[in-house]
Structures are given as structure tokens and as C-alpha cells.
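Residue strings, one per chain:
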Amino acid sequence: MFPAAKHFIHDPTHLVTTALLSIPRTNPSVQCDIENKIIYRKNGASQVSIVSGGGSGHEPSFASFVGAGLLSGAVAGTIFASPSAEQVRRCILHRVNKEKGVLVVVMNYTGDVLNFGMAVEKARAAGIEVDMVVVGDDAGVGRAKGGKVGRRGIAGTVLVQKIAGALAAKGASLKDVTRIAQLVADNTVSIGSSLSHVHVPGRREPEEDELKEGEVEIGMGIHNEAGSERKSTDLPGLVKTMLSHCLSTADQDRSFSKITEKDEVVLLVNNLGGVSPLELGGITNEVVEQLSETHKMRPVRVLSGTFMTSLNGLGFSISLLRVADTGLGSSMLELLDAPAEASGWSAAISSGTWAKQGEVKKQEEQTDGEEIQPSNLRVEPALAKSTLVTALNRLISVEPDVTKYDTIVGDGDCGIGLKRGAESILKMLETAKDTDDLLIFLNHIIQVVEVSMDGTSGAIYAIFLNALAHGLRQNSPTSPQPVTPGIWAKALDSSLKALGKYTPAKPGDRTLMDALYPFVETLSKTESIDEAARAAQEGAQGTKGMKASLGRTVYVGGEGFQEVPDPGAHGLAELLLGLSDGMKK
Ligand SMILES: *[C@@H]1O[C@H](CO)[C@@H](O)[C@H](O)[C@H]1NC(C)=O
């Protein structure tokens, strides 16, 4: 099967129609002419109108860019196909304010240029002042290979629209808006790359064209167009090539831009639709670092997000705009930063905030945690340390078992989480100052647990230990005294109660509570850590065959829960057995 051919909406006509109908629902300032697939501003302001559009499948371009400060109207075609000249003509003549003239901005694709061009001619014939700017920012394919096809328009187009839209909103003339749109277009260079072709709903693509595992197509267009090469490379290698295609002046075949390190540049890192926002963040960081290290460029603006997609394309594009003088009262940056009331425009940072780029807030002096109040509970420092070391090493040594059990009944990360916590405490013990104050000792451990362990078990350990510290303090004697099993038992009991406020887990739920409860109960009864640890072990073993009713095990728990104990309970029991062993030494 062709990759990513799963969809919620399979009929391409229905898909495009419903997506357009959704736009006025999210932005009441715009309206939809569904017959002609036009999205337009309800109260077309008295300003130069900006009209754009093209095939569908590039959302939020362009329909979601309609709104105050950006586009006045957008005309959509079917997926990856230009709208007809008639659709565009109707938009210019009947859907936008044409008193002060209309600027049409399109990307350099044959169909778009012809259809929008024809509509422009017709509108002019009807006596309307109309200009057209064609954007060809793509540096993906060099001149030789590009041949007659010329440079295509990709994500850099949105910079042209945004800046022109903001200028028009300020009341500039058609002549100025057109000139600035062209200036932005002339100073913008972009390149895309993708790990896969996209599947167009309702269409069958040839499979032999698909990229192999690990291969990336450098320069891929926004309609699955071939780029300049396919290769296997990592992200840094990919970004290096992409930036070089955009910036190198040595490359005779390209050398499209004249951006130098002296220029102010705007960077736009655009999601082609299928990259997770998390991954796009990592990509953006890589691009900014390479711009700085390799090209000595520090962008004055960084826009990262989803602006022009290729359906759910598993790729991204980089656009660079050289900030040029507009010769007007408003600079390109100011116009770019200006807010726009369009649901698809996601760049939220204001000029004032950008101006403070590089400033750092004075950090408050980092302290090594909060001051811990001393207590009267005394421990033998060497013994406390060696006991804990024995216990932690025992916990670390059973990590493979815990992991194995958790792979069967959980998501496999329990063992590693416990091991990471244990190792961090061991590391802390190497450097921490010896203390005979139990609460100071315990608080050192708590601080490590809180930062080194995450997930549910990390939170449970942290809450339990904090409550234990509180319980110990409450049961603290009035003069310095060694801590007794009786004090431990009371404090443990109150920390169990505290834990109950945050988790409903009780023995029988197949969690670490099955080891913790018997431990605390037995310790209260017998005041013997040895017996208490063995009770914990029995409790953990008793979870074999229990059905989980809480925690992630409920969702992922598969076959095999009869054979293995709950991994969290097993880990805790081993830790407690280790404590008991350590005290005997
Ligand atoms: C658009 O493509 C044509 C060829 O189809 C090319 O001649 C032209 O230079 C391109 N325009 C831009 C703005 O890149």
C-alpha cells in the first residue's frame, strides 16, 4: 500500500468543500462562496485588496490567510490543481473591494499563472486596476534541470502575502503594494525536502517512485515534484545541503539569492504537513545553528510552523528573506510582525518583543534546593550511606527483570526509570556532605528523585518520600536522638495516607502498592525491617495473575500477566530487601 494512504475523508471533492466551509466557522470575519471556492472578507475594507489562491492541499495557504491585515480573498482549486479563470474573475469582480485596486499574488505554476493571468486581463478589461506578482522562490532545482519550467513558488510566498497584506491594510497605494510584494519576492529564496511522497485522496500513484527507507528528496516541491537529488543523510547533512542551495553564490546553476552575512534575514521553517511539531522544533534549531555557525547569519526573525503544506507531506521547507529597504514609512519587518486576523497566520511575536532578542533576564541565584530545617533525628552517616548504596545496587541489578516484566505488562520503561533514579542517587552520595541529620539526608535523596525520575512511578516515589519527610518531622523527638523503627513505622503510615490523596491505588490493583502496604504494615507490627522487606517481596510476588485496574498496564497489558509480577512492585520489593541487607552488614 502507498504510504500514508489512510484518511478520514476519502472523497476529494467532499474534502475540499468541507474544509472551505470550516473557515468562516473559525473566523466570523470571512465568508465562503462555496460554488466558486472563494473565501473572502465580509466587509471588504477600503484598501488595496490582495487576492491569491491556487490548488487545494496547501492549507493553511491560502484560504485561512484571508482576514484583516492579510488576504482579502482566496480562490481554491481542487487538490493540487489551479482554480479556473472564471472563479478568479468572480473573486476580483464580486468578492473583494476593488475601489483602490487589486493585487493578485500567485505562485509560479503554469496553471495558476494562466488562470489568474486571464482573470487579471478580464478584470482590467472591465476597468479595474489590477496588478499581478508571480512568486518563484524555490531553489530546489537548479537552472539547468529546471529548464523551461522555471522556478516554482513555495512557502516563501506567504512572506510576500503577509508583507503586502499588512502594507495594503495601512492604506498604501496599489503601486506601492505591488512594488513591495515584488521586492519581497525578489529577495526570498526557499527549498523543501521530504522523506516521502504524499498520497492524494482519491488518486492512485505509481509506487515505484516512492523514496526508500532513509532516503530524502532534496528540493521536493509541494505537489510531489521531483527535487534535485535523493540521498541518505542525517538532519545536519540535509540542512547543510539545503542552506547551501539557498545561499551559495559559487553554485552557477543556482546562485539565486544575494544574501550575505551583512544582511538582516528572516527565516521561515515550514512544515509540509506531516512532521510533528516536536520534530519541527528540532529542525528549526538545527537550521538556526547552522545559519549562525556556517553562514555567520543570525536571523532577525524566525518563523516556525505550518504555513504552506503539501497535504500531510513528511517534510519541511526553509525560506530566507533578505530584508530590503521599502523606501516607505513601514519596514518589511514591521509589516511582517503586524498582527493579522486570519486563522492560518500563526506568527504571534510582536516587533517590540523581537527588538529585545538577545537580552537575557537576570537569573536569580541558583541555590542547591531550598534550605532544609535541621531535625533531631540522628543517623549514623556511614551506615546510612552504605545501607542505601547496597539497596540501590540491588535495585540496579534487577533492572533487566523489571524491564522484561514491564515489556510484557506495561510500556517497558519502568526498569530504566528506576535504574536512572538509583544511579542518580548513588552519584549524589559520592559528593554530598556527610550528615547525621536524617531529614537532611532524606531531603538530598528527594531532590534527586524529583529531577531524575519521571512518569507515574517517579511522581509516586517523590510524593511518598516528601510525605515521609513530613511524617518523620512530625514524629521527631525534642532532643537529638537516633531514629527508631517505631518512628519509621509511624512516619511511613502517615506517608501512605498522604499518598492515598493522590492515587486511588490500593493493594490488589497490581501496582507498587502491593509491595509498599505490606512493608509498612509489617514494620508497624514487628518493628523488623527484615520481616517487613520479606512481606513486601511476598506482596510483589502476589501480583502475578492479578488483573491491573489502574495505571498504564490496564491499556497495554496483554497476555502473560499471569506469569510475571508487577514490575513496579518487584522493583520496590528488591529495593526494600536491599535496605534490609544493607543494615545487616
Ligand atoms: C516562472 O516560470 C517561467 C517558466 O515557466 C520562468 O520563465 C519565469 O522566470 C518564472 N518566474 C519566476 C518569478 O520565477
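Predicted model, so just to flag it, every value in this text is computed and none were measured.

A. Region of the structure containing the sheet that holds strand β5 (residues 102-107). Spatially, the six strands line up as an open sheet ordered β1-β2-β4-β3-β5-β6, and their pairing is mixed. Sheet topology places β1 (30-33) and β6 (130-135) at the edges, where each strand pairs with a single neighbour. Sheet twist, expressed as the average angle between the axes of neighbouring strands with direction ignored, equals 20°. Its contacts with the sheet put helix α1 (residues 12-26) on β1, β2 (38-41), β3 (49-56) and β4 (73-79), and the angle it makes with β1 is roughly 155°. Packed onto the sheet, helix α3 (residues 110-125) meets β3, β4, β5 and β6 and runs at close to 170° relative to β6.

B. Layout of the domain arrangement of the protein chain. Each assigned domain of the protein chain is listed here: domain 1 (18-187), domain 2 (190-200 + 213-351) and domain 3 (377-584). Computed from C-alpha coordinates alone, the two centres of domain 2 and domain 3 are separated by 49 Å.

C. Structural context of the packing of aromatic side chains. Applying the stated criterion to the full structure yields two aromatic pairs. With a centroid separation of 6.0 Å and an interplanar angle of 70°, the aromatic rings of phenylalanine 65 and tryptophan 345 are classed as edge-to-face. Separated by 280 residues along the polypeptide, phenylalanine 65 in the loop between β3 and β4 and tryptophan 345 in the loop between α9 (332-337) and α10 (351-355) bring together distant segments of the chain. What makes phenylalanine 65 buried here is its relative accessible area of 0%. The buried category is assigned to tryptophan 345, whose relative accessible area is 9%. Relative to tryptophan 345, the ring of phenylalanine 307 lies with its centre 5.2 Å away and its plane at 65°, an arrangement referred to as edge-to-face. Residue phenylalanine 307 is found in the loop between β11 (301-305) and β12 (315-322), and its partner tryptophan 345 is found in the loop between α9 and α10; the two are separated by 38 residues along the sequence. Side by side, phenylalanine 307 and tryptophan 345 carry an identical accessibility label, which is buried. Grouping aromatic residues by their ring pairs yields a cluster made of Phe65, Phe307 and Trp345.

Conventions and cut-offs
- Residues numbered from 1 in each chain as written.
- Predicted model: local features only at pLDDT ≥ 70, side-chain atom pairs only at ≥ 80, totals over all residues.
- Heavy atoms only, no water.
- Pairing = 2+ DSSP bridges.
- Helix = DSSP H or I, 4+ residues; strand = E, 2+ residues; numbered from the N terminus.
- Axes fitted to C-alpha atoms, helices over the stretch in contact; angles between N-to-C directions.
- Contact = heavy atoms within 4.5 Å.
- Domains from an automatic or database assignment.
- Phe/Tyr/Trp six-rings, centres within 6.5 Å; stacked < 30°, edge-to-face > 60°.
- Buried < 20%, exposed > 50% of the residue type's maximum accessible area, 1.4 Å probe, protein only.

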